[in-house]
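Per-entry structural report
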Amino acid sequence: MTEDSTTSETLENLLTEDRRFPPGADFVTQANAHAELYPWAAADPAGFWADQARELLTWQQPFTEVLDWSNPPVARWFADGTLNACYNAVDRHVEAGHGDRVAIHFEGEPGDTRTLTYADLQREVSRAANALTALGVQTGDRVAIYLPMIPEAVVALLACARIGAPHSVVFGGFSAEALHTRIEDADAKLVITADGGYRRGAPSALKPAVDDALAKGPTDVAHVLVVRRTGQDVAWTEGRDVWWHDAVDNASDQHTPVWVEAEHPLFILYTSGTTGKPKGIFHTTGGYLAQCAYSHLNVFDLKPETDVYWCTADVGWVTGHSYIVYGPLTNGATQVMYEGTPDTPGRDRWWEIVEKYRVSILYTAPTAIRTCMKWGEEFPAAHDLSSLRVLGSVGEPINPEAWMWYRRVIGGDRTPIVDTWWQTETGAIMISPLPGVTTLKPGSAQTPLPGIAADVVDDEGHPVPNGGGGYLVLTKPWPAMLRGIWGDLERFKDTYWSRFSGIYFAGDGAKKDEDGDIWLLGRVDDVMNVSGHRLSTTEIESALVSHPSVAEAAVVGATDETTGQAVVAFVILRGGNEEVEGTVAELRAHVAKEIGPIAKPRKILVVQELPKTRSGKIMRRLLRDVAEHRAVGDATTLADASVMDLIAQGIDKPA
Ligand code: WTA
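Residues numbered from 1 in each chain as written. Predicted model: local features only at pLDDT ≥ 70, side-chain atom pairs only at ≥ 80, totals over all residues. Heavy atoms only, no water.

- In the nomenclature of an unreviewed UniProt entry, the protein chain is known as Acetyl-coenzyme A synthetase of Cellulomonas fimi.
- Under the UniProt heading Sequence similarities (unreviewed entry), the note attached to the protein chain is "Belongs to the ATP-dependent AMP-binding enzyme family."
- Turning to the protein chain, the UniProt record has this under Catalytic activity (unreviewed entry): "acetate + ATP + CoA = acetyl-CoA + AMP + diphosphate". (UniProt positions renumbered as here; feature names shortened; annotations may be inferred.)

Rendered as structure tokens:
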């Protein structure tokens, strides 16, 4: 399936992984999930999902239709029902008498804290919804959100949902340029931001990026709503900019949610694809919410009365949408929300938080686990982590050694680990063990959840036998599936539905073991995964060539011990431009400006030529060999085979 030599090494390692962890008897007795879910869902998937949607959500107008797949690939789920996502996440818990339950334990990076109960949250979202309406936002209008990890971020998403205004959250690590394209593509009417947030012990500004983004060209944005978090100075555009504390704190705390159809768009979230232009993945309300609630309840074994749940993702990514906002709150969970970095002020900050709030369910990414491994066991060992009972992983394949470390050092050799595979596009978890049911295999996401149909197929789209490898596909529609790419139906069809006819192509390589369990092997397209963040090689290449001194660029994701992959760029300078001291630094800064600091190449190598086939296609596979310090593979199809020698000589020069 892929010529990449590291993939076959990884495969060899994975195939010899034979450690097994059956569920403990105590866990089984109390588990939410049970083995009968699989045959039940397989017998009647649509009926199964209808039961979940009825049981886990409150509908204003109950649905009678379940799945409409008459116009593939656009699915409609529960289409004649109406509901409100914010009502489901907040109000109904208060109405059920749980208003005093803590929804959010907020821990700011400088050490400030806030506690919001479900009743507090109801008042806050009502005020914010009233404020948005007063600022002219109507049902159906799009709102861009560019906020740090503070409670207002959760309130902002929910307030949009409450009035039926789809939100488009842009991660705070993206640049003004990236923000501008996203505001423009979604025709956002309003932007919610903050003066800044705390990162690595210092205030980090956000508002200037919004000002720059809006100065880049005409947009539909009428107002910018600004939360005061750090108190740093901000430039102010009279008439356009409004303080959150003026608009929201003074608004009424009474608000009736707007009931929307199940297929009403809930949000747009941009993600990197294989071309330079990010895709606005959009999700609708009923099916998305049902699958978020169902997966959160069963995969994490959530007990809303007693668990303290913590997902370390940022609200700016899909994990934050589904497993900080919509899943946990719909289930009435108590959760921790942390603003800052794991090593501020010390490398034990996370473990201090686990101990302080008695966190029982922790959901994080392999890159974070590997970073903690590197820092050393003494940091978690200094804290009481005995409250933990379920650990989760998401974002990239977790290598068996990191899995074992996570279980032993963080989970006290006791907790199940759920390795959850899913994507921005799938909206919610698709493949994961079920704690209390599945015998765990370190490094494998194992089984599609009950109700989900996934498979591994070969180049022709035929399922591979157990023991075989190929491409991961999803063979039946699922409730939380994307409904499209905002404003671009053709691209939606091309990207996901044209590789194999009638089935969803995820873009991941995978392998089925002898038991039929699924092992993910990483992307098979031009998408990189750096610290669990999706980045497109093409997007970074376009950013590089937009610099006046760059003629051509090729970007690859090189395997990295900690971050999974790292961005390595090869650039040819335009005629007359010599590499001088500072060229590389300037190009890195240029990428940060065009896309965001997260996309900065770890290494940029200035080269004279790029390896190309006779038809002019850049052979990234060879560049990856160089970037990973391997012997360069088969270069016989190159137009000029000597090119690779020159490039290989350059890679070991200090960056
Ligand atoms: C990768 C994040 C292996 C995969 C929720 C996918 C994983 C991409 C896993 C989606 C996992 C996510 N094991 N790979 N458990 N989880 N991935 O859209 O390549 O940011 O296609 O969604 O991350 O990234 P996205």
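1. Description of the sheet that holds strand β16 (residues 308-311)
- Pairing in this open sheet of seven strands is mixed, and the strands run β5-β4-β17-β16-β18-β19-β20 from one edge to the other. Every other strand in the sheet has two partners, leaving β5 (113-117) and β20 (417-420) as the edge strands with one partner each. Strand-to-strand twist across the sheet, computed as the mean angle between neighbouring axes with direction ignored, equals 20 degrees.
- Where strand β18 (residues 361-364) and strand β19 (residues 390-394) come together, four bridges link them in parallel fashion. For tyrosine 363, the partnering residue across the bridge sits in β19 and is glycine 392.
- Against the sheet, helix α13 (residues 349-357) contacts β4 (102-107), β5, β16, β17 (334-338) and β18, and its axis sits at roughly 145 degrees relative to β4. (Pairing = 2+ DSSP bridges. Helix = DSSP H or I, 4+ residues; strand = E, 2+ residues; numbered from the N terminus. Axes fitted to C-alpha atoms, helices over the stretch in contact; angles between N-to-C directions. Contact = heavy atoms within 4.5 Å.)

2. As for the pairing of strand β25 (residues 518-523)
- In terms of residue burial, β25 counts as a mostly covered element, since five of its six residues are buried.
- Bridge count between strand β24 (residues 504-512) and β25: five bridges; the pairing is antiparallel. Bridging across to β25, lysine 512 finds its partner in isoleucine 518.
- Counted along the chain from β24 to the antiparallel partner β25, the turn is five residues long, and its residue glycine 516 has a positive phi close to 90 degrees. (Buried < 20%, exposed > 50% of the residue type's maximum accessible area, 1.4 Å probe, protein only.)

3. Examining the domain arrangement of the protein chain
- Here the protein chain is described as being made up of domain 1 (25-101 + 120-333 + 360-379 + 386-510) and domain 2 (531-652).
- One C-alpha centre belongs to domain 1, the other to domain 2; they are set 33 Å apart.
- Taken together, the 25 residues of domain 1 in the interface contact 20 residues of domain 2.
- For the domain 1 and domain 2 pair, buried surface summed over both sides reaches about 1600 Å², with 47% attributable to carbon and sulfur atoms.
- Between domain 1 and domain 2 we count one salt bridge in total.
- At the surface where domain 1 touches domain 2, the tally comes to 11 residue pairs in polar contact (both at pLDDT 80 or more).
- Sorting the residues of the side of domain 1 that touches domain 2 by element identifies α8 (176-186) and α14 (366-375) as the ones contributing at least two each.
- Here the element with the most residues in the side of domain 1 that touches domain 2 is α14; it accounts for four residues.
- Its residues placed into classes, the side of domain 1 that touches domain 2 shows five nonpolar, 13 polar and seven charged. (Domains from an automatic or database assignment. Buried area = accessible area lost by both parts, 1.4 Å probe. Salt bridge = Lys/Arg side-chain N within 4 Å of Asp/Glu carboxyl O. Polar contact = N/O pair within 3.5 Å; in protein donor to acceptor, adjacent residues only side chain to side chain. Nonpolar A, V, L, I, M, F, W, Y, C, P; charged D, E, K, R; others polar.)

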